[in-house]
Amino acid sequence: MAEIPVESKTGLSLFWRTFALLSLLIFCSALAWLQLLRTQEYEPRMLRNAHQIASVVNLIRTALMHTDEIARVSLLKMLADEEDVSISTREPSDSFEPFGQSELEVLIGKELVKRLGQSTIIASKVNGSTGLWVGFQIEKDSYWLLMDPDRLNTVSGSTWLVWLLTACAFSLAGAALIARLINRPLRQLSVAASRVRDGNFTASPLDEHVTTSEIREVNIGFNRMAERLAKIEQERALMLAGISHDLRTPLARLRLETELSVSDEQARAYMAADIEQLDAIIDKFLDYARPGNLKMEPVLLTQIISGCVAPFLKRDNFEVHIDVACDLFVEAEHVELSRVLSNLLENTRRYGQSPNDGITRVDLVARVHEGWVLFRVRDHGAGVTDDALKNLTQPFYRGDTARTSATGSGLGLAIVERSMQRMGGTFSVFNNANGGLMALMKFKQAHIPPQS
């Protein structure tokens, strides 16, 4: 059995697009600020600290060179106590690790060597002891000068990464909040527009007292539009009721007068048929213009089929084959579903006769697929041309066959399509590959719990 093609729509919602753009902007800004801070503030400050350390080392080296042994001991003790600087003799057997793990630390080490001399050694660990070690010479003697590494105040790459991720996390949370605030009124407008589209004009009035002036003006305009549409719908319902009353009363009177005043039996029959046709056309117009608010409920499909098929089975040239499960329920409105099926059966009676013997044969088949009920109504007639097929559900459209063989209003299939939309289903019509016209309807399946 043919299935209704489902159009798949992909793409990000407005919230996620706004969030992604804000996140990209924040991330690029964070990287730019990080690079700016490093090149314009942090890196020059570290180089200044390196210069100060080199100056301190030069001063200590000069002081040691021009101080006798007694004063030198006192100087070393004062440096250790007050400046947190200790000096020890450097031995050839000392093991050390060169200073500089990151690119910036390597640059600082080179700057210290440049200012202190090529024989200077900058180490981060000597004999297992961690610190800022500066190895220098005084004449033939070699020394280690140990300083607090915090004097450089270098920050490792992992620390920068942690700060960057933390800043990005807070920024993304703010971006999500901003995107939500931007998206919320648009989402509310979308929901309200969907309900108005379904004919519910007063269910979702928008807030007319929001702070944002642009959103407030849009909400006020939308509410006034919905109120106007509700008023138009009320006026249309009242007008339809008036048309039904004002036209049918004189038609009934005219039919009665025709039966009493016209003596020719054949002429009287023709006139009565014309009056019945006018009455049927009025019914079609009223069905097409019927308001869209329906009370949906589980409906037994076989029960509707039995009631609608019964009048057609009285005809000798009409045959129906039914293949529908006896316990199949659909979400629909009882009267509206009966109107849909009656219109389809009437359409097949008029235009679905077999080209071979003139008998109308109709197949009614229903199948369940992924929670939906696909209901097929197929005749075995001649079908229609591709050009006519595109317009069959247009109001007041009748193909060439319809114009020559019947005098309907051209609203039958248009009524079916509109009724299916009101019931939350879909409707399509196309030529069957084996001949004939096939109408395909899609309903939501209803589940009835078993009675104990």
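Residues numbered from 1 in each chain as written. Predicted model: local features only at pLDDT ≥ 70, side-chain atom pairs only at ≥ 80, totals over all residues. Heavy atoms only, no water.

By size, the foremost hydrophobic cluster in this structure holds 35 residues, and its most contacted members are Leu301, Leu337, Leu344, Phe375, Phe427, Met441 and Phe443. Secondary-structure elements contributing two or more residues to this core are α7 (301–313), β8 (329–332), α8 (334–351), β9 (360–369), β10 (372–379), α11 (412–422), β11 (426–431) and β12 (437–446). No other element matches α7, which puts 6 residues into this core. With residues up to four places along the chain from it excluded, the contact list for Phe443 reads Val330, Glu331, Leu337, Trp372, Val373, Phe375, Met420 and Met423. Ranked by size, the runner-up nonpolar core spans 24 residues in total, among them Ala54, Leu112, Phe136 and Tyr143. (Core = buried A, V, L, I, M, F, W, Y, C linked by side-chain atoms within 4.5 Å. Buried < 20%, exposed > 50% of the residue type's maximum accessible area, 1.4 Å probe, protein only. Helix = DSSP H or I, 4+ residues; strand = E, 2+ residues; numbered from the N terminus. Contact = heavy atoms within 4.5 Å.)

Among the 10 residues that make up β12, 8 are buried, leaving the element largely enclosed by the rest of the structure. Sheet topology places β8 next to β12; 2 bridges connect them, and they run antiparallel. For Phe329, the partnering residue across the bridge sits in β12 and is Ala446. Pairing geometry for β10 and β12, over 7 bridges, is antiparallel. (Pairing = 2+ DSSP bridges.)

Glancing now at a nonpolar patch on the surface. Among the surface-exposed residues, Met225, Leu229 and Ile232 lie close enough to one another that they form a single nonpolar patch of about 230 Å² accessible area. Mapped onto the fold, Ile232 is located in helix α5 (residues 213–261). With a relative accessible area of 40%, Ile232 lands in the partly exposed category. (Patch = residues over 30% accessible without salt bridge, like charges linked within 9 Å, V, L, I, M, F, W, Y side chains within 5 Å. Areas by Shrake-Rupley, 256 points an atom, 1.4 Å probe, with all protein chains shown as cover. Salt bridge = Lys/Arg side-chain N within 4 Å of Asp/Glu carboxyl O.)

This part covers unusual backbone geometry. A positive phi angle, near 50 degrees, is found at Asn127, a position not held by glycine. Of note, Asn127 is situated in the loop between β3 (121–126) and β4 (129–138). The partly exposed category is assigned to Asn127, whose relative accessible area is 47%. Positive phi, normally seen in glycine, also occurs at Glu370, with a value near 55 degrees. Within the secondary structure, Glu370 sits in the loop between β9 and β10. Owing to a relative accessible area of 69%, Glu370 belongs among the exposed residues under this scheme.

Turning to the packing of aromatic side chains, a few remarks are in order. This structure, assessed with the given rule, holds 3 aromatic pairs. Seen in terms of ring centroids, Trp133 and Trp144 are 6.0 Å apart; in terms of plane orientation they differ by 85 degrees. Their pairing is edge-to-face. Taken as a pair, Trp133 in strand β4 and Trp144 in strand β5 (residues 141–147) lie far apart in primary sequence, 11 residues in all. The exposure class assigned to Trp144 is buried, which follows from its relative accessible area of 2%. (Phe/Tyr/Trp six-rings, centres within 6.5 Å; stacked < 30°, edge-to-face > 60°.)

Below, the discussion takes up the packing of α7 against α8. One way to put it is that α7 packs onto α8 with a least axis distance of 9 Å and a crossing angle of 40 degrees. Comparing the axis directions of α7 and α8 gives the class oblique. Every pair of crossing elements has a handedness; the one defined by α7 and α8 is right-handed. In contact with Leu301, Gln303, Ile304, Ile305, Cys308, Val309 and Phe312 of α7, α8 contributes His334, Leu337, Ser338, Leu341, Ser342, Leu345, Glu346 and Arg349. (Axes fitted to C-alpha atoms, helices over the stretch in contact; angles between N-to-C directions. Parallel < 35°, antiparallel > 145°, perpendicular 65-115°, else oblique. Left-handed = near helix turned anticlockwise from the far one by under 90°.)

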